[in-house]
Amino acid sequence: MTTTAATDQAWLDEAVRLAAANVATGGGPFGAVIVRGDELIATGVNRVVPTLDPTAHAEVVAIREACQRIGDFRLTGCVLLSSCEPCPLCLAASLWARLDRVVFAADRHNAADAGFDDRAFYDLFEQPKQTWPIPVLHVKTAEHDTPFSAWLSRTDRVEY
């Protein structure tokens, strides 16, 4: 895959344009594009409020669209370019999607200055779980590993 700083800049400009246009229509200030080579595969804007979906971040929306468009849950060979540094949710989705690269314009500090808590989540993950504002508990059950055993016994499973 050939990429250049100029190509990245052009796609970042598009992600920023999408973000600003989304604000103008009442959405959040985030936009993302997914490209493969010089081809635009998908776009996404923040849809959290209009869809009442806390996972409808621009990057996740773009990842979902790209996967549907190419017919695979793996986006190997693709690049995500975002108007802002992906939050932990979006970064994890990017890793699960097996994107080749993630490139962003504004960072978590810019987002925090605008009232978004991305930086707070990054900071939270560095703290012990017992100090988090929501309890995250590990409770084993007698059959806690049954789903994994069932998964491993399937010869037709699709690895991801």
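Overview of the structure. Note that the structure is a prediction, hence the values are computed from the model and not measured.

1. Some points on the nonpolar core
Point 1. I34, I63, A66, L75 and L99 are the most contacted members of the largest nonpolar core, which totals 17 residues.
Point 2. Broken down by secondary-structure element, the contributors of at least two residues to this core are β1 (31–36), β2 (39–45), α3 (58–70) and β3 (79–84).
Point 3. Counting residues per element, this core draws most heavily on α3, which supplies five residues.
Point 4. Look past the residues within four positions of A66 in its chain and what remains in contact with it is I34, I41, A42 and L75.

2. What about the environment of F125?
Point 1. With respect to the helices and strands, the residue F125 is situated in the loop between α6 (118–124) and α7 (146–153).
Point 2. Separated by 25 residues in the primary sequence, F125 and A150 place their C-alpha atoms 31 Å from one another.
Point 3. Setting aside its immediate chain neighbours within four residues, F125 contacts P88 and W132.

3. Regarding the sheet that holds β1
Point 1. On the basis of which strands lie adjacent, the open sheet formed by four strands has the order β2-β1-β3-β4 and mixed pairing. Edge strands, defined here as strands with exactly one partner in the open sheet, are β2 and β4 (101–106). Taken pair by pair, the neighbouring strands of this sheet meet at an average axis angle of 15°, ignoring direction.
Point 2. Direction of pairing for β1 relative to β3: antiparallel, over a ladder of four bridges. Residue pairing in the sheet places A32 in a bridge with S82 of β3.
Point 3. Where α3 meets the sheet, it contacts β1, β2 and β3, and its direction lies at approximately 140° from that of β2.

Calculation criteria
Residues numbered from 1 in each chain as written. Predicted model: local features only at pLDDT ≥ 70, side-chain atom pairs only at ≥ 80, totals over all residues. Heavy atoms only, no water. Core = buried A, V, L, I, M, F, W, Y, C linked by side-chain atoms within 4.5 Å. Buried < 20%, exposed > 50% of the residue type's maximum accessible area, 1.4 Å probe, protein only. Helix = DSSP H or I, 4+ residues; strand = E, 2+ residues; numbered from the N terminus. Contact = heavy atoms within 4.5 Å. Pairing = 2+ DSSP bridges. Axes fitted to C-alpha atoms, helices over the stretch in contact; angles between N-to-C directions.

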